[in-house]
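# Tertiary structure, described
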Amino acid sequence: MQAPHFDTPLQLMRWIGWAQRKAAEEWVRERELSHEQSFVLGYLQQNPGAIQRDIAEVSRTSAASVSSLLQGLEKRGLIERRADAGNARTKLVYATPAGIDLIAGFEDAMLALDDRLLAPLGPDERATLRGLLLTVTAELPEPTR
């Protein structure tokens, strides 16, 4: 099988995106997490006390899938569920300190990857690239999850 050609600017950008995705997957895998588990831990860190329905919505998955995912995280001591004081049937989900510690450093790791990917460029070239990408993305709708 022949390697794909990367001839256009957007093909080259996809190649960079692929390198970012692979590095992120490896970072998560080293912590024995799935992408979905790491996402949920990050979400809970930013939104403590979320309910399962909110997690399903933001992760674009079913409530049953979220329930299974949360069970796995709970068994590892990475999340905990607590009854809502106003409604005992509703469980609020929190990342535990162990869960937060496990995902700590992800943003720093991705920033370090940016530096490695852009290492061949000098400061002026990086500024030019950023300016060009801002021009291209100015007319695009902002990405959503």
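Check the entry above for the structure.
Throughout what follows, the structure given in this document is the object of discussion. (Residues numbered from 1 in each chain as written. Predicted model: local features only at pLDDT ≥ 70, side-chain atom pairs only at ≥ 80, totals over all residues. Heavy atoms only, no water.)

## Quick notes on the packing of aromatic side chains
Inclusion rule: Two aromatic rings, drawn from Phe, Tyr or Trp (for Trp, its six-membered ring), form a pair once their centres lie within 6.5 Å of each other, and the interplanar angle then sorts them: stacked below 30 degrees, edge-to-face above 60, tilted otherwise. Put simply, DSSP H or I for four residues or longer makes a helix, DSSP E for two residues or longer makes a strand, and each gets a number counted from the N terminus. Accessibility here uses a 1.4 Å probe with only protein chains present; expressed as a share of the type maximum, an area under 20% marks a residue as buried, one over 50% as exposed, and anything in between as partly exposed. For a ring to carry a charge above it, either NZ of a lysine or CZ of an arginine must fall within 6 Å of the ring centroid while also lying within 35 degrees of the normal to the ring plane.
Following the criterion strictly, the structure yields one aromatic pair and no others. Taking 5.1 Å as the distance between ring centres and 70° as the angle between the ring planes, the aromatic pair formed by W27 and F106 counts as edge-to-face. One end of the pair, W27, is in helix α1 (residues 9-30); the other, F106, is in helix α6 (residues 106-117), with 79 residues separating them in the sequence. By relative accessible area, W27 is classed as buried at 10%. Geometry around W27 places R31 over its ring, the cationic atom sitting 3.5 Å from the centre. When the ring centre of Y94 is taken as origin, the NZ or CZ atom of R82, which lies over that ring, is 3.8 Å away.

## Structural notes on the packing of α1 against α6
Short version of the rule: Axes, fitted as lines to C-alpha atoms, cover a helix only where it is in contact. Angles between the N-to-C directions of the axes lie from 0 to 180 degrees. Left-handed describes a crossing whose near helix is turned anticlockwise from the far helix through less than a right angle; right-handed describes the clockwise counterpart. Throughout, a contact is declared for two residues whenever any of their heavy atoms are within 4.5 Å. Polar here means any residue other than Ala, Val, Leu, Ile, Met, Phe, Trp, Tyr, Cys and Pro, which are nonpolar, and Asp, Glu, Lys and Arg, which are charged; Gly is therefore polar.
Axis separation between α1 and α6 bottoms out at 11 Å; the angle between their running directions is 145°. The handedness of the crossing between α1 and α6 comes out as right-handed. Side by side, α1 and α6 meet where I16, A19, Q20, A23, A24 and W27 of the first sit next to F106, A109, M110, L113, D114 and L117 of the second. Of the residues belonging to the contact of α1 with α6, the class tally is ten nonpolar, one polar and one charged.

## Overview of the sheet that holds strand β2 (residues 79-84)
The cut-off we apply is this: Criterion used throughout: strands pair if DSSP finds at least two bridges between them.
In space, the three strands of this open sheet follow the order β1-β3-β2, with antiparallel pairing throughout. The strands lining the two open edges of the sheet, one partner per strand, are β1 (50-51) and β2. Pairing of β1 with strand β3 (residues 87-95) involves two bridges; the strand directions are antiparallel. Considered in β3, the bridge of A50 is made with V93. Across the sheet, helix α2 (residues 35-46) lies against β1, β2 and β3, angled at about 105° from β3, the strand it touches most.

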